[in-house]
Amino acid sequence: MEETKNTEETVIIEQKSNYIELSEDSHRVGNIFNELSGELWELDFAERNTVQEIEKKNPLLVAYEVSGYVFTLGIIVTILLTLDVFARSSEDNSLFANLPICSYLAYGIDDYDNAGCKTPSMIFSELNTEKEKLEKNIAGNLVLLVPKLMQSFDIANSPKVQFIQEHTGDSRVSITEAMNRFLEIKNRTNYQWEDIECKAISVDEKGKISVSCQVYGGALIAPAGLTTKTSRETALSFLERLDDGKSGFQVLSYPKTLDISVFNSTDGFKTVFSTQTSLNLNLQYLPANKM
């Protein structure tokens, strides 16, 4: 029996030696799974730190990179500006005559067709030459024309020419035209020409008119329900029409007083008037071409 028991114990010991014996303590470092998971976590943490370091670059490095771009751009702009200044200030267009930049060379010069592909310096030189020729031509013509112009002024202001102009030509005023215009204004009343009678009319060739008029009107105190103008009111209205800027007349002297007196007549239409006012006028007719 003991031999059999010893044999069973030997078999059990051999079976245990064929397996890895795990510790019952789950917190031991010897656990292979804990060790593997720890190594993986440390690897992931290292990678994340590397990414964060890349994302969070040093501001000095960023500024250095930006300054490099700005410096490169500045060099390009400087080269372009240098070429522009050279092309536009050059006095010889042999380098640009075969290039499609003729319109660019003349940019800023209004109304100039740069068919010859000239540079601005050449264009300004050409325009200055033309300007000097034009000024010399004008000066030469003025030397000849100014004395003749002054002579013509002296002739036009001479007494003989003034006398001729006063009696002929445009200085004369049409008497018929002046009278027609005067009668048109005089008759512009409620009674047409019946309430203003003008006599002793005098008109000269300069358009001066002297005339004496008798103006008629209603009573000083109008009957109830009637509205009438007295002769003085009619005379004032007549003066206002003559003094209007569109009338064609200028009143040279205004009457100092406008007397009103009683009027009675049995002569036709004049029987409706009760007052009268005398009006003496001195007028200057101004045709439309002389206003």
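Computed from a prediction, not measured in an experiment: that's the story for all the values here.

Draft legend 1. Spatial organisation of helix 8 (residues 231-243). The terminal C-alpha atoms of helix 8 lie 18 Å apart, and with 13 residues this matches the ideal 18 Å at 1.5 Å per residue to within 8%. If you check which residues of helix 8 are buried, you get Ser231, Thr234, Ala235, Ser237, Phe238, Leu239, Arg241 and Leu242. For helix 8, the elements touching its buried residues are helix 7 (175-186), strand 1 (196-203), strand 2 (208-217), strand 3 (249-253) and strand 5 (275-285).

Draft legend 2. Molecular detail of the nonpolar core. Among the nonpolar cores identified, the biggest contains 21 residues, and Phe182, Phe238, Leu242 and Leu279 are the most heavily contacted of them. Every element with two or more residues in this core is listed here: helix 7, strand 1, strand 2, helix 8, strand 3 and strand 5.

Draft legend 3. Expanded view of the side chain of threonine 234. Along the chain, the position of threonine 234 falls in helix 8. According to the relative accessible area criterion, threonine 234 is buried, its value standing at 7%.

Draft legend 4. Representation of the environment of glutamate 126 within the structure. Among the structural elements, glutamate 126 can be located in helix 5 (residues 120-156). Its relative accessible area of 25% is what places glutamate 126 among the partly exposed residues. If we ignore the near neighbours within four places in the chain, the residues touching glutamate 126 are Tyr112 and Lys118.

Draft legend 5. Broad picture of the state of the cysteines. Applying the stated criterion to the full structure yields 1 disulfide. There is a disulfide in this structure between cysteine 198 and cysteine 213, and the S-S distance comes to 2.0 Å. Because the torsion about its S-S bond is 100°, the bridge between cysteine 198 and cysteine 213 counts as right-handed. Residue cysteine 198 is located in strand 1, and its partner cysteine 213 is located in strand 2; the two are separated by 15 residues in the primary sequence. When its relative accessible area of 18% is taken as the criterion, cysteine 198 is described as buried.

Calculation rules
Residues numbered from 1 in each chain as written. Predicted model: local features only at pLDDT ≥ 70, side-chain atom pairs only at ≥ 80, totals over all residues. Heavy atoms only, no water. Helix = DSSP H or I, 4+ residues; strand = E, 2+ residues; numbered from the N terminus. Expected span 1.5 Å × (residues − 1). Buried < 20%, exposed > 50% of the residue type's maximum accessible area, 1.4 Å probe, protein only. Contact = heavy atoms within 4.5 Å. Core = buried A, V, L, I, M, F, W, Y, C linked by side-chain atoms within 4.5 Å. Disulfide = S-S within 2.5 Å.

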